[in-house]
Amino acid sequence: MYSRQKRVHWSYWLGAGLLLACALVFQFGTGSSVVLAETRATAHVDRVVLNSDINASSLRLLSRAIESASSDGARALVVEVDSPGGDLDSMKAMTQKILASTVPVVAYVAPAGGRAASAAAFVTLSAQIAAMSPTTRIGAASPVTSTGGDIESTLKAKITNDLVASMTSIQQRYGRNVSLAVRMVTNASSYDDATAIRSHIVDLGAPNLNSLLTSIDGRQVRLNNGQQVRLQTANVGIQDVSETPADVFYNFLLDPTVIFFLFLVAMLGVYLEVSHPGAIVPGVTGAIALLLFLFGAGSLAPNWAGLALMLLAFVLLVLDVRLPTHGALTIGAVVSLIVGSLIFFNSGGSYNAAYLNPWIIYGAGVVVGLMGLSIVAYAVRVRRAPVRSGQEAMYGAKAVALTPLQPEGRVSYQGENWAAFLDVPDLAVDSGTELEIVAVEGLRLRVRPLVAPGVDTGKIAPPLE
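Residue numbers restart at each chain and count upward from 1, following the sequence in its written direction. Reporting of local features is limited, given that this is a predicted model, to residues whose pLDDT is at least 70; pairs of side-chain atoms are given and counted only at 80 or more, and all residues count toward the totals for whole chains, interfaces and linings. Note: side-chain values were computed over all heavy atoms of the structure, leaving out hydrogens and water.

Caption draft 1: Inspection of helix α3 (residues 88-99) at higher detail. Under the DSSP-based scheme used, a helix requires at least four consecutive residues in state H or I and a strand at least two consecutive residues in state E, with every element numbered from the N terminus. Here the expected span of a helix is defined as 1.5 Å times the quantity of residues minus one. Taking 1.5 Å of rise per residue, 12 residues should cover 16 Å, and α3 covers 16 Å from first to last C-alpha, within 8% of that figure. Note on classification: 1.4 Å probe, protein chains only; a residue is buried when its accessible area is under 20% of the maximum for its type, exposed when over 50%, partly exposed between these limits. Three or more residues of α3 are buried, namely Leu-88, Ser-90, Met-91, Met-94, Thr-95, Ile-98 and Leu-99. Buried positions in α3, seen along its axis, are confined to an arc of 165 degrees and lie on one side of it. Structural note: α3 exposes Asp-89 and Gln-96 on the side pointing more than 90 degrees away from its buried face. Polar contact criterion, stated in full: a pair of N or O atoms within 3.5 Å, where within protein one must be able to donate a hydrogen and the other to accept it, and residues adjacent in sequence count only if both atoms are side-chain atoms. Sitting at the head of α3, Asp-87 places a side-chain oxygen 3.2 Å from the backbone nitrogen of Asp-89. Note that the arc is computed from the directions linking the helix axis to the C-beta atoms.

Caption draft 2: Up close: the environment of Arg-222. For Arg-222, the location among the structural elements is in strand β9 (residues 220-222). A C-alpha to C-alpha distance of 9.4 Å links Arg-222 and Arg-173, two positions 49 residues apart in sequence. Beyond its immediate chain neighbours, meaning those up to four positions away, Arg-222 contacts Gln-128, Gln-227 and Gln-228. What makes two residues a contact is simply this: any of their non-hydrogen atoms within 4.5 Å.

Caption draft 3: Geometry of the nonpolar core. To define a nonpolar core, start from buried Ala, Val, Leu, Ile, Met, Phe, Trp, Tyr and Cys residues and group those joined through side-chain atoms within 4.5 Å. In terms of nonpolar packing, the biggest core is built from 48 residues, with Val-79, Met-91, Leu-125, Ile-138 and Met-184 touching the most fellow members. In contact with Ile-138, not counting residues within four places along its chain, are Ala-116, Ala-121, Thr-124, Leu-125, Met-132, Met-184, Ser-189, Ser-190, Tyr-191, Ala-196 and Val-202. If you look at the next biggest cluster of nonpolar residues, it comprises 32 residues, including Val-258, Ala-266, Ala-297 and Val-334.

Caption draft 4: Broad picture of the sheet that holds strand β16 (residues 434-441). Strands pair, by our definition, only if DSSP identifies at least two bridges between them. Taken in spatial order, the five strands close into a barrel running β12-β13-β14-β17-β16, and their pairing is mixed. Averaged over all pairs of adjacent strands, the angle between strand axes in this sheet comes to 55 degrees, irrespective of strand direction. Bridge analysis of strand β12 (residues 398-401) against strand β13 (residues 408-413) gives two bridges, and the strand direction is antiparallel. If you follow Val-400 over to β13, its bridge partner there is Ser-412. Axis definition: a line fitted to C-alpha atoms, over the contacting stretch in the case of helices. Angles run 0 to 180 degrees between N-to-C directions.

Caption draft 5: Fine view of the packing of aromatic side chains. Stacked, tilted and edge-to-face are the three classes assigned to paired rings of Phe, Tyr and Trp, where Trp is represented by its six-membered ring and a pair needs centres within 6.5 Å; plane angles under 30 degrees give stacked, over 60 edge-to-face, the rest tilted. The tally for this structure, following the rule as stated, stands at four aromatic pairs. Measuring from centroid to centroid gives 5.2 Å for Phe-263 and Phe-293, while their planes differ by 55 degrees, and the two rings are tilted. Within this pair, whereas Phe-263 is found in helix α10 (residues 256-275), its partner Phe-293 is found in helix α11 (residues 281-297), the two being separated by 30 residues in sequence. The same class applies to Phe-263 and to Phe-293, which are both buried. Note on Phe-293 and Phe-344: the rings are 5.8 Å apart at their centroids and 35 degrees apart in plane angle, and the pair reads as tilted. Taken together, the residues span a long stretch of sequence, with Phe-293 in helix α11 and Phe-344 in helix α13 (residues 328-344) at a distance of 51 residues. This pair shows no difference in class: Phe-293 is buried, exactly as Phe-344 is. Here the aromatic cluster, defined as three or more aromatic residues joined through ring pairs, consists of Phe-263, Phe-293 and Phe-344.

Caption draft 6: Local environment of unusual backbone geometry. Residues Ala-110 and Pro-111 are joined by a peptide bond in cis, for which omega reads 0 degrees. Tracing the backbone shows Pro-111 in the loop between β3 (105-109) and β4 (115-117). In this structure, the amide linkage connecting Gln-406 to the following residue, Pro-407, adopts the cis form with an omega of 0 degrees. The residue Pro-407 is located in the loop between β12 and β13 in this model. Here the phi dihedral of Ser-118 falls at roughly 50 degrees; this positive angle occurs in a residue that is not glycine. Along the chain, Ser-118 turns up in the loop between β4 and α4 (119-125). The phi dihedral of Thr-135 is positive, around 60 degrees, even though this residue is not glycine. Looking at the secondary structure, you find Thr-135 in the loop between β5 (129-132) and β6 (137-139). Classification of Thr-135 as exposed rests on a relative accessible area of 54%.

Okay, here's the thing in structure tokens:
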């Protein structure tokens, strides 16, 4: 009766939970439709702020903003830019997104003191309207390595020519100054807002966003599909497209330093699990860190040969615990980790590569080496220590006779009652005599007295007749 009532009780709550979930889903869907309808009915523009490096995270945010502006009836998408630049692949993808947008895009370098440098200059100029606020600057778009150094001459010529062609086509498309814009790439030129506006590198200047929306009201822009659109941006609302927690976490995972430490956590976690089986927590932590590392590394431009050396470092650490190499493999693991990390992250290497401070790699190598040598030293001590379990641990241990052994009887070993017989058949001992275990034969112990025969201790009986 109780079981049936309990099943009914849980069935009731399960049904109520499902109804509540359906109601919430319906309400969320209805609410979303109402909000979308209200947004479409209200004249507005969408705004997204790009105030970090141009990377995969910026591309993700811009793509979502363009999709949002296309779906919610925004009259334009304003992209506020304040960025030092970033990687080439993300910049190309972002310019393509802007050029292909079905909603007019207005790039606005802001706030005061902001900049659209390097890759961010391309993102700004690819918009149908490019504007700048006072005391901002744009330019310095020459290709350099991730560390800011020069690129090898042939590669630099290829990249420069490609960027010049891209800049030329963008500026010609919008009827802006081509020659000065190209100098951003060839000569790393940078222009303040007054120069850029006067020379028509950008379309106009505006002290704030509301002023900008008023100034561009009524302008005609041509979209990629050939459609001519007259902007209606005066006295409209502004709807922000902000970063979600997922965007913030994604951007966090793109940091080369974070990616490197994720690999260290993965390597050490799995290493500790292998060297101490059954610990569980290090293994689980290491597995999660490994997946996050692969996710973050896939968005960079790493040298995968370096990853092979980094994985080799892990293999050497594990082998050093299992084999009697006494730390030699751990030294090799540290060298492999350092060299592999420098290659993987291309520190000081080729263009558009992730950069990781080498001193972080060196420090991590020292820490991994010290930890590995400590574990190896502990493993060596354990291997050399006497066996403390199983039959091997009983050899040479002390037992006490519970009955006279003539030569068979009973003895006590660590509180356990064992059948035993003397190692010397013609010898006999009294109960209470201290004995040494010589061997374990099945369920019987072979023992001998701790005191040599012939010594009068009151415990050794004379030989049997």
